[in-house]
Structure formats: C-alpha cells, structure tokens
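The chain contents come next:
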Amino acid sequence: MSDPLAAARSLLTGLVGDQAEAWDRAGRLPRELLTKLGAGGYLTPGVPAAYGGLGWTSARDGEFTAHVGSLCSSLRSVMTSQGMAAWTIERLGDEDQRADLLGRLTGGELAAVAFSEPQAGSDLSAIATRIHRDGDSVVVDGHKTWSTAAVYADFVVVFGMLDDGGAGAVVVPADAPGVEIERIADPLGCRAAGHADLRMTGVRLPAACLLGGGGQFLPLLVTTALAYGRMSVAWGCVGILRACLHAAGKHARTREQFGRTLGGHQLVARHLAELLVAEQVATRACEHASRCWDEGSPDQVIATVLAKHTSATNAARGAAVAVQVLASAGTRDGHAVARAYRDAKCMEIIEGSNEMCQLLLADHVLAGEGRGGR
C-alpha cells in the first residue's frame, strides 16, 4: 500500500512545478488548481472522513503543510485559511452545519476567515462587526481587513459581536448582496494568497448561517480558529526553511569564488550551519506541538504558541541568511529565496505576532507553569 503522505507530496510537486515564481509575480493562483486540491481534500486534510476529508493527524497534516510551504507560501496560505474555516465549522457548528459546510469544502468550494478590522488587530476584543438577529434571519454589518484567500472564497467565516454582548461566527456567501471584497494590491509577501478587505453592509442571511446559534465567548471563538492557523503557519515556516536550505546549499556547492566553492569558505559554511540549525529547531518544535494535538495533551496550547513563534522567527532569520549566501542571485524578484525573505517576514505578524507570542509565553512562566519554575 502506498504512503498517502508521499503520494500527496508527489502530487503537489507535480502540480506546482516551477510555476510559483509566475504566480507570485502575477499575484494570483489558478482557480482550477485550488478547486482540484479542495475536492481532493488536500486543502483541509484534517477534516474527518465522515465529512469527505482525509482524516489526517496533526503530524501528517503538518508535514504535508511544510512540503506545500517549501513549494509556494501563497498556496500554503490558502491551505491555512481553508483549514481554519473548516476547523472553526467543525468545532462550533451543529451537525447539520458540519455536514453541509465541510462537505462543500471537501467538494471543491473555497473559504476564508475574517478576524481583523481597522481597529482590531492583535486586540480582537475591539471587534466592531455586528451580527443582528432579526426573526429567522441575521443581519451582518462590518469591515474586515487582510482576510487571506477571500479573493478566491465562495464563503467567508466572519467573526462578530451579537446584540446580547456574546460573540458569533457567521458564514457569509461571497456573492451575498451587501458584500464587497476588495483585493489588497501588492502585499509584501504571499502575493498570490488572495488577501482582501471585506465590507458588509446590511447583509441579510438565514439564521442557520450563524455557527452553533452564536452566543459564544469571544476569546473561545478566536482561540478556536487561531490555534489551527498557528499550527499551519508554523509548519509552513518549516517549509520555507527547507526551501532556503536547499537553495543555499546548492548555490554554495556550485558557485566558485577565489578558486574554491562558496561552501569552502568558512564564513559561508557558518551560514549553512545556521540554516540547518534553524530548520531542525523549527521542525522539532512543530513535531512536539503536533504530538500534543494528536495526544490531547494539556500542553497543546503553549506548545502551539511556541511552535509558531520559533518557526516564524527562524524562518525570517533563515531566509535572510539564504539571501546573504546567494547574494545578487537571491535578490531577483520572484526567486525562491527572495520570495522566502518576503513571505517569512509576514509569518512573524500573522496568527499572533512575535510580540503577542512572547507575551503568551511569558504569561505561561508567570503562572508558574514553565518547567524552569518547578
């Protein structure tokens, strides 16, 4: 029997080929590619088989995500967004909603999630989007920013506040009256990931679009979706590091200066060693976090934050090292290392900035839960 993970990696390698640079330059991924991957379950591999998914563990999902990230971070970002939407639906939706919406996602439809607002970035308690109950309908009004994959989405899972002070996540069709999706032009990184701002003005939807009937605690809503997103970004950063390590190693083995290969110069060799250390540390942090997920460990939350922070930080530093090794060759727009440099910087911001991760890790220590305090 063939290895499903190996088969999936081979499939993605063939589909992406050498096209990532062109996608990055154009700022768009082929719709048919995303639909094909979605219908095959590859954009949401963790969705249970009962809903048409692959039912993969976090560890297998993670290694696959790393492979996608090594090929194209924009594609991996769409995968992360789709996975966050699926994870939120699976955790918050009722059985009818799960069967319908997850089945649509594993059938080829695309989704995005919408958290951030002009005045609500890291501080999501400042969310101003309102979900108003009106009989058998809900009416949504709000402005969301930087929603990854929203340009491609058939529907968006929008987080907002209810009239009674509770919070909710509502599934908003992208073509619903009152929905305006505006592509963000020329983002720094993940240029083809379909980032967009959303404006919703009097968007009237059936009450069944409100996941689980709403009324959830806002921190629970946010944590539910962000947890998956952080794991996916962390593994994606492992992929960025692997791509940088491959490119830098190949260049250092073949490029000659002063009568020897670049790798024969000790200062360059040091860069390669640093890259390997960064990739290995990020990989181990992600493997540990995925084990916590798969085993239901109480350390799952802090392990996820640690993996995201470690992987994003190492990816940004590692990409800079790779550019240094390749020099002018690595600064050409669209080159794998140049893309990694831009993409990795964004990973230090999304799904919990470096600073937010550090605060969470510090809180863990101050609560007496860090091993160093025992």
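Conventions and cut-offs
- Residues numbered from 1 in each chain as written.
- Predicted model: local features only at pLDDT ≥ 70, side-chain atom pairs only at ≥ 80, totals over all residues.
- Heavy atoms only, no water.
- Helix = DSSP H or I, 4+ residues; strand = E, 2+ residues; numbered from the N terminus.
- Rg over C-alpha atoms; globule rule 2.2 N^0.38 Å.
- Buried < 20%, exposed > 50% of the residue type's maximum accessible area, 1.4 Å probe, protein only.
- Contact = heavy atoms within 4.5 Å.
- Lys, Arg positive; Asp, Glu negative; His and termini not counted.
- Charge placed at Lys NZ, Arg CZ, Asp CG, Glu CD.
- 1 Å grid on protein atoms, 1.4 Å probe; cavity = no way out; pocket = protein on both sides within 12 Å on 5 of 7 lines; lining within 4 Å.
- Points joined across faces, edges and corners; volume = space filled by probe spheres on them.
- Nonpolar A, V, L, I, M, F, W, Y, C, P; charged D, E, K, R; others polar.
- Phe/Tyr/Trp six-rings, centres within 6.5 Å; stacked < 30°, edge-to-face > 60°.
- Lys NZ or Arg CZ within 6 Å of the ring centre and 35° of its normal.
- Core = buried A, V, L, I, M, F, W, Y, C linked by side-chain atoms within 4.5 Å.
- Salt bridge = Lys/Arg side-chain N within 4 Å of Asp/Glu carboxyl O.

1. Observations concerning the overall build of the protein
Then, number 1: When you go through the protein residue by residue, the secondary structure sums to eleven helices and nine strands.
Then, number 2: The globule rule puts the C-alpha radius of gyration for 374 residues at 21 Å, and the 21 Å found for the protein is close to it.
Then, number 3: Taking the principal axes of the C-alpha coordinates as reference, the protein spans close to 80 × 55 × 50 Å.
Then, number 4: Here the protein, with 374 residues, has 55% of them falling under the buried criterion.
Then, number 5: Across the protein, the fraction of contacts at a sequence separation of at least 24, relative to all contacts at a separation of at least 6, is 75%.
Then, number 6: Once the 34 positive and 40 negative side-chain charges of the protein are each reduced to a mean point, those two points are 8 Å apart.

2. Regarding empty space enclosed by the protein
Then, number 1: A complete count under the given rule lists one cavity of 30 Å³ or more for this structure.
Then, number 2: Within this model, the largest cavity holds a volume of roughly 30 Å³.
Then, number 3: Where the lining of the largest cavity is concerned, the elements lending two or more residues are α2 (20–26), α5 (73–92) and α10 (336–347).
Then, number 4: Ranked by residue count, the leading element in the lining of the largest cavity is α2, at three residues.
Then, number 5: When the residues that make up the lining of the largest cavity are grouped by side-chain class, the tally is four nonpolar, two polar and three charged.

3. Digging into the packing of aromatic side chains
Then, number 1: Using the criterion set out here, one finds five aromatic pairs in the structure.
Then, number 2: An angle of 90° between the planes, with centres 5.6 Å apart, marks the rings of W56 and F64 as edge-to-face. Residue W56 shares its accessibility class with F64, and that shared class is buried.
Then, number 3: Where F115 meets F159, the ring centres are 4.4 Å apart and the plane angle is 20°; that geometry is what we call stacked. One end of the pair, F115, is in the loop between β1 (111–114) and β2 (130–134); the other, F159, is in strand β4 (residues 155–162), and 44 residues separate them in sequence.
Then, number 4: Judged by its relative accessible area of 9%, F115 is buried.
Then, number 5: Residue classification places F159 among the buried positions, given a relative accessible area of 0%.
Then, number 6: Geometry around W56 places R60 over its ring, the cationic atom sitting 5.7 Å from the centre.

4. Notes on the nonpolar core
Then, number 1: By size, the foremost hydrophobic cluster in this structure holds 73 residues, and its most contacted members are I89, F115, F155, V157, F159, L211 and M347.
Then, number 2: Of the residues forming this core, the biggest block, 19 residues, is contributed by helix α7 (residues 218–254).
Then, number 3: Not counting the four nearest positions on each side in its chain, M347 is found in contact with R76, C190, V233, C237, I240, K308 and A312.
Then, number 4: Within the second largest apolar cluster, 44 residues are counted, among which are L43, L75, A112 and V138.

5. Side note on unusual backbone geometry
Then, number 1: The phi angle at A149 is positive, at roughly 75°, despite the residue not being glycine.
Then, number 2: Of note, A149 is situated in the loop between β3 (137–147) and β4.
Then, number 3: Despite not being glycine, F258 shows a phi value in the positive range, around 55°.
Then, number 4: For F258, the position within the fold is in the loop between β8 (256–257) and β9 (260–261).
Then, number 5: Given the relative accessible area of 80%, F258 is considered exposed.

6. Regarding the side chain of T44
Then, number 1: As for its position among the elements, T44 is in the loop between α3 (31–39) and α4 (58–71).
Then, number 2: With near-sequence residues (within four places) excluded, T44 lies in contact with Q82, G83, A86 and T106.

7. Regarding the pattern of salt bridges
Then, number 1: Evaluation of the coordinates by the stated rule reveals 19 salt bridges.
Then, number 2: For E117, the salt bridge goes to K144, with nearest N and O atoms at 2.9 Å. With a gap of 27 residues between them, E117 in the loop between β1 and β2 and K144 in strand β3 connect regions that are remote in the sequence.
Then, number 3: Two residues, R284 and E287, come together in a salt bridge whose shortest N-O distance is 3.1 Å. Of this pair, R284 and E287 both sit in helix α8 (residues 266–295), separated by three residues, roughly a single helical turn.
Then, number 4: On the basis of relative accessible area, E287 is assigned to the partly exposed category, the value being 26%.
Then, number 5: A single salt-bridge network, built from bridges that share partners, covers R9, E63, R242 and E279.

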